[in-house]
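Coordinates in review
Residues per chain are reported as follows:
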Amino acid sequence: EELNLAKSEKAVNAEKRKVLDNIEAQQNRIDNAWGEVDEIEREVSQLEEKREKLQQEIRTTEDYLKELPEEKEINANLKNILEEQRELNRKRRKFNNEKEDINREMYNLRAKITSATQRMQQERSNKQTSLARGGKKHVEIKQWIERNRHKFKGEILGPLYNEIKVSNPLHAKYVENAVGKARLQYYLVDNKEDWSTLPQQIRSNTGQKVTVASVTRIDDRTARHIDLKGLQDESGVSMQWLDQVIDADRLVMQGLKDIARVHKIAVTQEEVARDKVEKVMQKKRGGPGVPHLFNGNDRLRVTFSSYSDDVSSSETLLKKAELLQEEEDDQIAQYQLEIKECRSKLRKLESKKHEVEQQNEKLNKPIKEGAIQTRDLRASMKKIKAVKNKLTILRRQLAQLEHDGDGEMKKRRIYKDLQRMNTICLEKAAKLGQCVDLYMKYSFQRDCLLPSIEDARINLNNAEQKLNEHDAELNEKKRILRATKEEYDAAKRKSDDAKRMARSRAPFNEYKEKFQEEWINQKDLDQVETMITELEVQLDGLVEDRTLFARYEELTKKIEELTKNTNSQKERLEEARNDIKEIREKWQPKVRLLARRLSEEYAKHFREMKCEGEIKVYPEPNDEKVDYDQYGLEIWVRFRDGSDLQKLSKFRQSGGERSVSTMLYLLCLQSVTQTPFRVVDEINQGMDTKNERMIFDRIVRSCALKNSGEESPQYFLVTPKLLPNLVYPEGSDISVLTVYNGYGMLPAEEWDMESMVQNVLKASRKRKKID
C-alpha cells in the first residue's frame, strides 16, 4: 500500500508539474497581451494627437480658403481686364501705325531735303553765288555744316546774307545798312545746345571763328504802333516796313527782328524829296510819324531824350551793298523754296509725332497696371488651387489615419483573448485543485502510514501549491500573449508585404501627381473662355511688320532690273569665254614646257641616286573642260628595283623617302623661280645618313657662287643637327651659325668659342697619342 501511494503521489506530482507549466505559459501570454495593450494604447494616443492636428489644420485651411475671393469673381475680373487690355493694345497699335506713317513721311521729306540740297549745291558749284562774297571761310564752313548736319539737334542757317533775298538793289542797300555787314555773317540756330556747341565744332574742325545767334522763339505777330498807311495817304509818300521787302525763312526773319529790329524801320520805294520826307518823320514823343526811315541814299532817324522832351535828328549816308548785290537765280530759289516747304512740313510732322508718342506713353501706364492686375489675379487663382489641393490631401490623410488607427478594435480583441486565457487558467487551476485534492487524499493516507513526516510535507505542499498556482497563472498568460504577439507579427508581415506589392505596382508619388494633375486640369467653361480671351489679347498685341509689302515691291523691281541685265551678262560671259580660250592656247604650251624642264631636272637627281623620278601635270593641259584651279603637279618616284613608278603619298613611301623627294623637288623649282631668299626647316628629319649627306651636298652645290652667280638668293637651312665631315666648297660663301641657348647652359658672357676649339683640339691630340 505504501508503494502504491508512492506511485500515485509521483503521478500526481507529474500531473501537477504539467498543470503548473501550462498555467505559467498562459500567464506569460497574459503578460505579453497586457504589454501589447499598453503599446496599442500609446499608439492610439499618438494617432489621436495626429488626427487632432490634421483636423485643426483642415479647419485652418478651410477658414483661409473662405477668406480668399471666389474663382468665378476672379475669372470675371480677369476677363474684364483682358478686354480692357485688348482695347488698349488696339489703340496702341493704331498709334504705332500712325507713328510709322509719320516716320515714313519724315524719311521721305528728309530725303527730299537732302536731294534738293545736293542739287542746289551742284547748281551753286557751277556758278559764283552770294556765299563767296563773305570770304572763302564761309564756303568752307558751309560745306562742313552740310557734311555734319546730322551731329546737331536742330536747324542751322547762315550766314544771314546767304539766307536773305531782296527784289532790287535799293532794298539790298537798305537791308545791309540796317543789319550791318558784320551781323549779316551771323549763323542762326533754334536751340541753346547747338548755340553752345556749333562755334566750338567749327573752330576745331575748320579753324574759323564764327558768331552764332540763337532764336528759340518765333513770333509771327508783328506789333506796330504806327499807322503807316495813314501817313502815306497824308504825305503821298509810298513806304513799307523793311521786313516786308525781305524774303527769308521764318527763323531768319525772327533773327533779323531780334538783331536789327527790321520790323520797326520804314523804307521808301524810291528816293523822295526832302520836304515830303519831313512830313512823315515823328515830331514828338508818341506823336504821328516814323522815327526811323531809309530814303534812297539817306538814313533818317529821330530820337527823344529819356529825361526831357528834347528831340534830336540824324541823317546818315547809306553805304553801297556788298553782300546783297544780286539775287540768286530762279533755280536755286526754287530749291530753297522746296527745302523751306519740306522743313515746314517736317516740323509739323515732328510735332504730330510728339503728340502721338505722348498719347502712346499715356497708354503704357494702364497697360502696365492691367498686366500687374492680371498677374495678381492669376497668382490668386494659383493660390486657391494650391489651397484646395492641400485641403484634399489633408482630408485623404485623415481618412487614411482613421482607417489605419482602429486601436479600440484591437484592444477588444485582445481583451477577449485575455478572458479566454483567464478561463483556461481557471480550468487549469480547477484541475490543479483536483490534483491537490487527490494528492491530499494520498497524503492523508500516507500520513496514516508516516505520521512523523506528514506535518512537514503538508506545509511544503501548501507552499508549493501557492507558488505553483502563481507560476501556472503567469506562464499561462505569457503563453497566451506570446501566441497573440506571434499572430500580430504574422499579420503585420503580411500587411507590409501587401503594401510593398501595392507600391511596386502603383507608386504613390506617380499616381499622386497624376491625381493632382487630373484634378487641376478639370477646368470649367469660364476658365477655358478666360484662357481663349488671354491668347486673343496676346495675338492682338503683336505688331505687324508693315514693311514686308514695300520690301516685296522693291525686290520685285530689282528682279526685273536683273532680268533685263541677263542678256548683256550672257554676252559678256561669251566674250570672257573666248578670252579664256585664247589665254588657254597661250598658257598650255608654257605649262607643258615648264613641267618638262622640271621633270628632266628631277629625273637627273634621281638617276644620280640610282632611283627614278618624274613630275607630271594633272590633268592634261589640253582638256578645256577643266578649270584652272584644278590643275596641279604630281610627283612620281621609284626607290626600289623591280617596282613601278608610284605617286608620292604618305601611304606608299616612308618619311625619309618623302623628305628626299620633296627636297629634290624644291631644288628643281629653284631653277625656274626667282626669290630674294629661301628657308628650309628640319628637312633632314626622318632621313638616314646617306640621304641626308646627299641632300646637303646638292643644296651646297646649288648655292655655290660659281654655280648660281652673284645674284643668287640667300639660303637658310635650319636644323637641330649636322652630320660630321660635311663638304663646304671654297667660294661657296657658307656660314654655320650655332645657337647656344637653353636651360642649364653657360651665360652668354662666359661663352668663349676660341678656348672651346682649343680644348677640342687638345683632346683630339691626346686620343691620337693614346692610339
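From a predicted model like this one, the values you see are computed outputs, not experimental measurements. (Residues numbered from 1 in each chain as written. Predicted model: local features only at pLDDT ≥ 70, side-chain atom pairs only at ≥ 80, totals over all residues. Heavy atoms only, no water.)

1. What to know about the layout of surface pockets
Where empty space is left can be seen by rolling a probe of water-molecule size over the atoms. Which entries qualify depends on this criterion: A 1.4 Å probe that fits but cannot get out identifies a cavity on a 1 Å grid over protein atoms alone, an open set with protein on both sides within 12 Å along at least five of seven lines counts as a pocket, and a residue lines either if it has an atom within 4 Å of a point. Grid points are joined across faces, edges and corners, and a volume is the space filled by probe spheres set on the points. Strands are runs of DSSP state E lasting at least two residues, helices are runs of H or I lasting at least four, and both sets are numbered from the N terminus onward. Amino acids are sorted into nonpolar (Ala, Val, Leu, Ile, Met, Phe, Trp, Tyr, Cys and Pro), charged (Asp, Glu, Lys and Arg) and polar (every other residue, Gly among them).
Of the pockets and cavities examined, the second largest pocket occupies roughly 1400 Å³. Counting only elements with at least two residues in the lining of the second largest pocket, the list comes to helix 15 (547-608), helix 16 (655-670), helix 17 (689-703), helix 18 (705-708) and strand 13 (714-718). Broken down by element, the residue count for the lining of the second largest pocket peaks at seven residues, all from helix 17. A per-class count over the lining of the second largest pocket returns 18 nonpolar, 14 polar and nine charged.

2. Observations regarding the packing of aromatic side chains
Counted only if it meets this: Put simply, two rings from Phe, Tyr or Trp (the six-membered ring, in Trp's case) pair if the centres are within 6.5 Å, and we call them stacked under 30 degrees between planes, edge-to-face over 60, tilted for the rest. Each residue gets one of three labels from its accessible area relative to the maximum for its type: buried under 20%, exposed over 50%, partly exposed in between, using a 1.4 Å probe on protein chains only. Placement of a positive charge over a ring is assigned whenever Lys NZ or Arg CZ falls within 6 Å of the ring centre and within 35 degrees of the normal to the ring plane.
Throughout the structure, instances matching the rule amount to seven aromatic pairs. Geometrically, the ring pair formed by Tyr-602 and Phe-606 is tilted, given 4.8 Å between the ring centres and 45° between the ring planes. In this pair, Tyr-602 and Phe-606 both sit in helix 15, four residues apart, roughly one turn of the helix. Phe-606 shares its class with Tyr-602; the two are buried. The ring of Trp-195 has Lys-192 lying over it, and the distance from NZ or CZ to the ring centre is 5.3 Å.

3. Quick word on helix 16
Stated formally: Given the number of residues in a helix, its expected span is that number minus one, multiplied by 1.5 Å.
In a regular helix each residue adds 1.5 Å, so 16 residues correspond to 22 Å; helix 16 covers 23 Å between its end C-alpha atoms and thus fits that length. Every buried residue of helix 16 is accounted for by Gly-656, Glu-657, Ser-659, Val-660, Ser-661, Met-663, Leu-664, Tyr-665, Leu-667, Cys-668 and Gln-670.

4. Considering a negative patch on the surface
Rules: Patches were defined on residues exceeding 30% relative accessible area and lacking a salt bridge, with like-charge contacts within 9 Å and nonpolar side-chain contacts (Val, Leu, Ile, Met, Phe, Trp, Tyr) within 5 Å. The accessible surface values rely on the Shrake-Rupley method and a 1.4 Å probe; as for residues, cover is taken only from the protein chains in view. We count a salt bridge whenever a side-chain nitrogen from Lys or Arg sits within 4 Å of a carboxyl oxygen from Asp or Glu. His is not counted here, nor are the chain ends, while Lys and Arg score as positive and Asp and Glu score as negative. By convention, the point assigned to a charge is CZ for Arg, NZ for Lys, CD for Glu and CG for Asp.
A cluster of like negative charges, contributed by Glu-571, Glu-574, Glu-575, Asp-579, Glu-582 and Glu-585, occupies part of the molecular surface. Relative to the helices and strands, Glu-582 resides in helix 15. Here Glu-582 falls in the partly exposed class, since its relative accessible area comes to 47%.

5. Side note on empty space enclosed by the protein
The tally for this structure, following the rule as stated, stands at three cavities of 30 Å³ or more. Its boundaries defined by the atoms lining it, the largest cavity holds a volume of some 90 Å³. Residue lining of the largest cavity: 13 residues in total, with Asn-684, Glu-692, Phe-696, Leu-717 and Leu-722 positioned closest to the centre. The element best represented in the lining of the largest cavity is helix 17, accounting for five residues. Residue composition of the lining of the largest cavity, by class: eight nonpolar, two polar and three charged.

6. Notes on the sheet that holds strand 4 (residues 239-241)
Inclusion rule: Strand pairing is defined by DSSP finding a minimum of two bridges between the two strands. An axis is simply a line fitted to the C-alpha atoms; with a helix, the fit covers only the stretch in contact. Between two such axes, the angle follows the N-to-C directions and lies from 0 to 180 degrees.
As summarised here, the arrangement of the five strands in space is 4-5-6-7-8, forming an open sheet in which the pairing is mixed. This sheet does not close on itself; its edge strands, each paired only once, are strand 4 and strand 8 (311-317). Averaged over all pairs of adjacent strands, the angle between their axes in this sheet comes to 20°, without regard to strand direction. Pairing of strand 6 (residues 292-295) with strand 7 (residues 298-304) involves four bridges; the strand directions are antiparallel.

7. Describing the pattern of salt bridges
Taken as a whole, this structure holds 15 salt bridges when the rule is applied. Across the pair Glu-634 and Lys-647 runs a salt bridge, and its minimum N-O distance is 3.4 Å. One end of the pair, Glu-634, is in strand 10 (residues 632-638); the other, Lys-647, is in strand 11 (residues 646-647), and 13 residues separate them in sequence. Residue classification places Glu-634 among the buried positions, given a relative accessible area of 14%. Close ionic contact of Arg-640 with Glu-657 constitutes a salt bridge, the shortest N to O distance being 2.8 Å. Of this pair, Arg-640 sits in the loop between strand 10 and strand 11 while Glu-657 sits in helix 16, and the two are 17 residues apart along the sequence. The class for Glu-657 is buried, based on a relative accessible area of 12%. Three or more residues joined by partner-sharing salt bridges are found here, namely Glu-155, Arg-343 and Arg-347.

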